[in-house]
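Listed below, chain by chain, are the residues.
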Amino acid sequence: MDLNTIKDAFDCAAKKQKLSHSKAEEVIDQIRQEIENALERMQSINNLDSELDYRSILSELKTSLHNIAPPRQLEGPQKELNAALVKYVKALEKSFNLDISKAYRNIDYDIHTLNQVVAGHFYRQGLFDVGDQFISEAGEPESTATIKSLFLEMYQILEAMKNQDLGPAITWAATNSDKLTQSGSDLHLKLHTMQFVKILENGSRDEALQYARTYLAPFGSNHMADIQKLMACLLWIGKLDRSPYHALLSPAKWDVLSEELKRQFCNLLGLSCNSPLSVTIAAGIQTLPPLLKFMNVMAGKKQEWQSMNQLPVPVELDREFQFHSIFVCPVSKEQATEDNPPMLMSCGHVLCKQSIMKMSKNSTKMFKCPYCPFDVDAVQCRQLYL
Amino acid sequence: MEMDSLPNGNSTASTAPTSGTMNAATANTAAPPSSKLAQLTESLKLEHQFLRVPFEHYKKTIRANHRVVEKEMSAVISGVAEAADGNLSGDDAVNHLNSLVSRLQGLKRKLEEGSRAEHLQAQRCRVRLDHLESADSENMSEWNNTRLKRIIVDYMLRMSYYDTAVKLAECSNIQDLVDIDVFQEAKRVIDALQNKDVSPALAWCTDNKFRLKKSKSKLEFQLRLQEFIELVRAENNMRAIAYARKYLAPWGATHMKELQRVMATLAFKRDTECSTYKVLFEPKQWDYLVDQFKQEFCKLYGMTLEPLLNIYLQAGLSALKTPYCYEDDCTKEDPLSQEGFRTLALPLPYSKQHHSKLVCYITKELMDTENPPQVLPNGYVYSTKALEEMAKKNDGKITCPRTGLVSDAKCLGKFPGLELMLICAYTDICFNVTQTCTYSVSLGVTGIIPWIIHKEL
């Protein structure tokens, strides 16, 4: 897509609008000038009080205005402006998908459900005021806001971390330290590490040592190597930035730590770490282009589209949208189902059950693996659970 | 437990593997930019409405201003002509011309005001063009975030949640990227319709007469019908007939059937039980008018008829919807593990896949050549990484999380002690068989690969 030509088309339209505008001003001034001239002349002959002169001046004015022909003067620039406007619209229509609702299935969304999803998204993003207002304006029940209290604490912690204050984060991690350990997270230690580095940066050796004894020592049983490294940092106190450990000071560490905290917090709440609405919309943005392309080709199949059980085109989504294992049988090209599960052949290759049944004539004979020169016995194939 | 972020101060040996994985990581991120870029371009192409709406607004302002100029100017000219042809005294003529001059001055002021409004709107069009241009791979996550907000503001405006829409736009500083002012115009009409007042809607129809006529809209006719019905409801029959003569009759040529049907209400009256006419008196007719107006309004401004949110949401839900989403052990990262999303996705089609994709049940990561799938003796498949991790932690014992089967990691396969079989782990490897066709060798292979080539792998 060439945004520059579109921009040029717009600039052209804007220029023509200016031209047309100044032309209009010019014509107005012209008319005024003529009328004022006429007025002047009328006033100068005022004393003579001759009715005829008025008449002639007025009819002269009429003729001169007729000669100026304002409508015709305006017409030219106006036409050019219109052409430029149309051209811009054409440029837009050419470069963009004109109607992205082409692949839309006409179903009535349950507005209530949709609003709940949107409200939940606001709270998840920490937009608490917006969420509250949304609920009251949309007339959703108060219970929609239950998710709010869960995230309030998280955003308080994150806000403090933005100001390099680890206090609330460490308090939270200490309270949930068992659960964190259970889910295999070392966030608690990472937070203490960060606090320790902060103290080092301030150059207070005693305080750092004291902190390490109180808070880092309990992690010794599992994280000895890490703690040893941190202790070595004490040697470079005041010049940590020139030490082998300078990476500890990287400002990016704060972002990483915030992300990690967010993930662990959501995890403990039993929620996904990204807002599900964000994820779905992002997937939709990847899905629409191929879908629209298909709808353009299949313009006549709109009816079928409304009742299809599966999307008519495969859509390759990015990794982050892969939540489930999908097995597509390389022979039949069908997606595996419970009735037609993937089967592991003795050579290590995998086909769907129905394909194996077909190739082995219902397990009555051996067949060749389509991938390798291996003779496969259908009876020895094992079902896989992905 | 790894402390991956801790730097190694002393040992070069231990940094080697890190840099090795780093390289792999950068190679991975460096490989897809061309496809990423194509993806970005494709997604930008969806933004027609984003550029079109402010432009239609701009156009409308230009046209309105132009009409004012034309009207005033011709009024002045005919004023002069009148004076010239009429029988005015000298003083009257001077007064008349003076009033024309001040009228022209007024016009010029109006023109300047109009030009300021035009300028603001042109500015807004430019801001949007620049915003689209600003999208690149570096600021993608922020840009996507803004896009989501734009989509949600659009939803709220269409649903008439104006205050929240304004609030979100303000607190995210995206006022120029959303169409709040355009919707203010709609709000006036919709509010009036909800109060059973058609006059703003009729005024709107007059304003946009030409374009509505061009699209063969019958909104005005429907508004007139409703006004007629209200007269009948009030048993104001004589006025109803007069109204019909004046406003409904002109539509006879194109909409005779509806016209006749509505006229019959004169005979049936408001408390009729005859269903054909009863519906015409129902209050939901007003909701219907609101919907009709919204549709015409969106069409006129080049917006999609459905809120953007619904469109993107539907596409996204379809792409994510698999039969596994509705199972109990659906991962919580999947939006479709949530009740609300499941409900919304219910009437939608499932996604379609041409290639196998294996997501490890334990780590939730996509498996590939780096982290190939392995199968336990009971047929359950997990990623190598997950199994290695588990074996390390539990003295070489692996417990299948879904069946509880404990296997010992001691004698076979990649790591000693376990009968693990590598199932073809060639996901993501592509090679050319001929110059024209690329076979993707994976669990789902397009086309049958000659075994000789396979062997080379």
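In this text the structure is predicted, and so the values were computed from the model without any measurement.

### Structural notes on the overall build of chain B
Phase 1 of the analysis: Secondary structure assignment for chain B yields 19 helices and 7 strands.
Phase 2 of the analysis: The 457 residues of chain B split such that 47% are buried.
Phase 3 of the analysis: Long-range contacts, defined here as pairs at least 24 residues apart, represent 54% of the contacts in chain B between residues at least 6 apart.
Phase 4 of the analysis: Split by element, the accessible area of chain B, about 22,700 Å² in all, is 53% carbon and sulfur.

### Some thoughts on the interface of chain B and chain A
Phase 1 of the analysis: Counting from both sides, the interface comprises 146 residues of chain B and, opposite them, 145 residues of chain A.
Phase 2 of the analysis: For the pairing of chain B and chain A, the buried interface totals around 13,400 Å² over both sides, and the portion due to carbon and sulfur atoms is 67%.
Phase 3 of the analysis: There are 8 salt bridges connecting chain B and chain A.
Phase 4 of the analysis: Of the charged contacts in the structure, one is a salt bridge between aspartate 130 of chain B and lysine 7 of chain A, with a shortest N-O distance of 2.8 Å.
Phase 5 of the analysis: Element by element, the count of residues in the side of chain B that touches chain A is highest for helix α4 (residues 90–134) of chain B, at 22 residues.
Phase 6 of the analysis: Class assignment for the residues of the side of chain B that touches chain A results in 77 nonpolar, 39 polar and 30 charged.

### Some thoughts on the environment of phenylalanine 50 of chain B
All names here are of chain B.
Phase 1 of the analysis: In this structure, phenylalanine 50 sits in helix α3 (residues 48–85).
Phase 2 of the analysis: Residue phenylalanine 50 is classed as buried on the basis of its relative accessible area of 5%.
Phase 3 of the analysis: Along the backbone, phenylalanine 50 and serine 137 are 87 residues apart, and their C-alpha atoms lie at a distance of 20 Å.

### Re the packing of helix α5 (residues 140–158) of chain B against helix α6 (residues 162–171) of chain B
Packed helices, taken two at a time, are described by their axes: the angle between them and the distance between them.
All names here are of chain B.
Phase 1 of the analysis: In the contact formed by α5 and α6, the axes pass within 8 Å of each other and the chain directions differ by 160 degrees. Comparing the axis directions of α5 and α6 gives the class roughly antiparallel. Crossing angle aside, the handedness with which α5 passes α6 is left-handed. Residue-level inspection shows Lys149, Ile152, Val153, Met156 and Leu157 of α5 in contact with α6, the latter providing Tyr162, Thr164, Ala165, Leu168 and Ala169.
Phase 2 of the analysis: Its residues assigned to classes, the contact of α5 with α6 shows 8 nonpolar, 1 polar and 1 charged.

### What about unusual backbone geometry?
Phase 1 of the analysis: For lysine 361 of chain A, which is not glycine, the phi torsion reads 50 degrees and is therefore positive.
Phase 2 of the analysis: Following the sequence through the fold, lysine 361 of chain A ends up in the loop between α15 (353–359) and β3 (367–368).
Phase 3 of the analysis: For lysine 361 of chain A, a relative accessible area of 52% corresponds to the exposed category.
Phase 4 of the analysis: Although it is not a glycine, lysine 364 of chain B sits at a positive phi angle of roughly 65 degrees.
Phase 5 of the analysis: Within the secondary structure, lysine 364 of chain B is located in the loop between α17 (339–345) and β1 (373–375).

### Observations concerning the domain arrangement of chain A
Phase 1 of the analysis: On domain assignment, one finds that chain A holds domain 1 (4–95), domain 2 (113–268) and domain 3 (325–386).
Phase 2 of the analysis: Taking only C-alpha atoms, the centre of domain 2 of chain A and the centre of domain 3 of chain A are 48 Å apart.

### Considering the packing of aromatic side chains
Each aromatic ring pair is described using two quantities: the centre-to-centre distance and the angle formed by the ring planes.
Phase 1 of the analysis: All told, the structure shown has 21 aromatic pairs over all chains when counted by the stated rule.
Phase 2 of the analysis: Considering the side-chain rings of tyrosine 385 of chain A and tyrosine 380 of chain B, the 4.2 Å spacing of their centres and the 15 degrees angle between planes classify their relative orientation as stacked. One end of the pair, tyrosine 385 of chain A, is in the segment after β5 (382–383); the other, tyrosine 380 of chain B, is in the loop between β1 and β2 (381–383), on a second chain.
Phase 3 of the analysis: Among the residues examined, tyrosine 380 of chain B registers a relative accessible area of 16% and is labelled buried.
Phase 4 of the analysis: Summarising the aromatic geometry, the rings of tryptophan 204 of chain B and phenylalanine 293 of chain B are spaced 5.0 Å apart at their centres and angled 80 degrees between planes, so their arrangement reads as edge-to-face. One end of the pair, tryptophan 204 of chain B, is in helix α8 (residues 199–207); the other, phenylalanine 293 of chain B, is in helix α15 (residues 284–301), and 89 residues separate them in sequence. Each member of the pair, tryptophan 204 of chain B together with phenylalanine 293 of chain B, is buried.
Phase 5 of the analysis: When the ring centre of tryptophan 143 of chain B is taken as reference, the NZ or CZ atom of arginine 150 of chain B above it lies at 5.6 Å.
Phase 6 of the analysis: A cation over an aromatic ring shows up here: arginine 224 of chain B above the ring of tyrosine 247 of chain B, its NZ or CZ 4.0 Å from the ring centre.

### Quick look at the nonpolar core
Phase 1 of the analysis: Leu191 of chain A together with Leu193 of chain B are the most contacted members of the largest nonpolar core, which totals 159 residues.
Phase 2 of the analysis: In terms of residues, this core owes the most to one element, helix α13 (residues 276–297) of chain A, which gives 10 residues.
Phase 3 of the analysis: There are two domains that each give this core at least three residues, and those are domain 1 (4–95) and domain 2 (113–268) of chain A.
Phase 4 of the analysis: Grouped together as the second largest cluster of nonpolar side chains are 32 residues, Phe327 of chain A together with Leu358, Val375 and Leu387 of chain B included.

### Focus on the environment of aspartate 181 of chain B
All names here are of chain B.
Phase 1 of the analysis: In this structure, aspartate 181 sits in helix α7 (residues 180–194).
Phase 2 of the analysis: Taking the C-alpha atoms as reference points, aspartate 181 and proline 347, 166 residues apart in sequence, are found 35 Å from one another.
Phase 3 of the analysis: Beyond its immediate stretch of four places on either side in the chain, aspartate 181 contacts His57 and Arg124.

### Quick word on the layout of surface pockets
Residue and element names in this part refer to chain B.
Phase 1 of the analysis: Empty space within the second largest pocket amounts to approximately 1,200 Å³.
Phase 2 of the analysis: For the second largest pocket, the lining is made up of 41 residues, of which Arg52, Glu56, Arg211, Lys299 and Leu300 are closest to its centre.
Phase 3 of the analysis: In terms of residues, the lining of the second largest pocket owes the most to one element, α3, which gives 11 residues.
Phase 4 of the analysis: Considering only residue class, the lining of the second largest pocket consists of 14 nonpolar, 11 polar and 16 charged.

### Details of the packing of α6 of chain B against α7 of chain B
All names here are of chain B.
Phase 1 of the analysis: In the contact formed by α6 and α7, the axes pass within 12 Å of each other and the chain directions differ by 170 degrees. Taken together, the axes of α6 and α7 are roughly antiparallel relative to one another. Where α6 abuts α7, its residues Tyr162, Ala165, Val166 and Ala169 lie against Ile180, Phe183, Ala186, Lys187 and Ile190.

Analysis parameters
Residues numbered from 1 in each chain as written. Chains lettered and ligands numbered in written order. Predicted model: local features only at pLDDT ≥ 70, side-chain atom pairs only at ≥ 80, totals over all residues. Heavy atoms only, no water. Helix = DSSP H or I, 4+ residues; strand = E, 2+ residues; numbered from the N terminus. Buried < 20%, exposed > 50% of the residue type's maximum accessible area, 1.4 Å probe, protein only. Contact = heavy atoms within 4.5 Å. Areas by Shrake-Rupley, 256 points an atom, 1.4 Å probe, with all protein chains shown as cover. Buried area = accessible area lost by both parts, 1.4 Å probe. Salt bridge = Lys/Arg side-chain N within 4 Å of Asp/Glu carboxyl O. Nonpolar A, V, L, I, M, F, W, Y, C, P; charged D, E, K, R; others polar. Axes fitted to C-alpha atoms, helices over the stretch in contact; angles between N-to-C directions. Parallel < 35°, antiparallel > 145°, perpendicular 65-115°, else oblique. Left-handed = near helix turned anticlockwise from the far one by under 90°. Domains from an automatic or database assignment. Phe/Tyr/Trp six-rings, centres within 6.5 Å; stacked < 30°, edge-to-face > 60°. Lys NZ or Arg CZ within 6 Å of the ring centre and 35° of its normal. Core = buried A, V, L, I, M, F, W, Y, C linked by side-chain atoms within 4.5 Å. 1 Å grid on protein atoms, 1.4 Å probe; cavity = no way out; pocket = protein on both sides within 12 Å on 5 of 7 lines; lining within 4 Å. Points joined across faces, edges and corners; volume = space filled by probe spheres on them.

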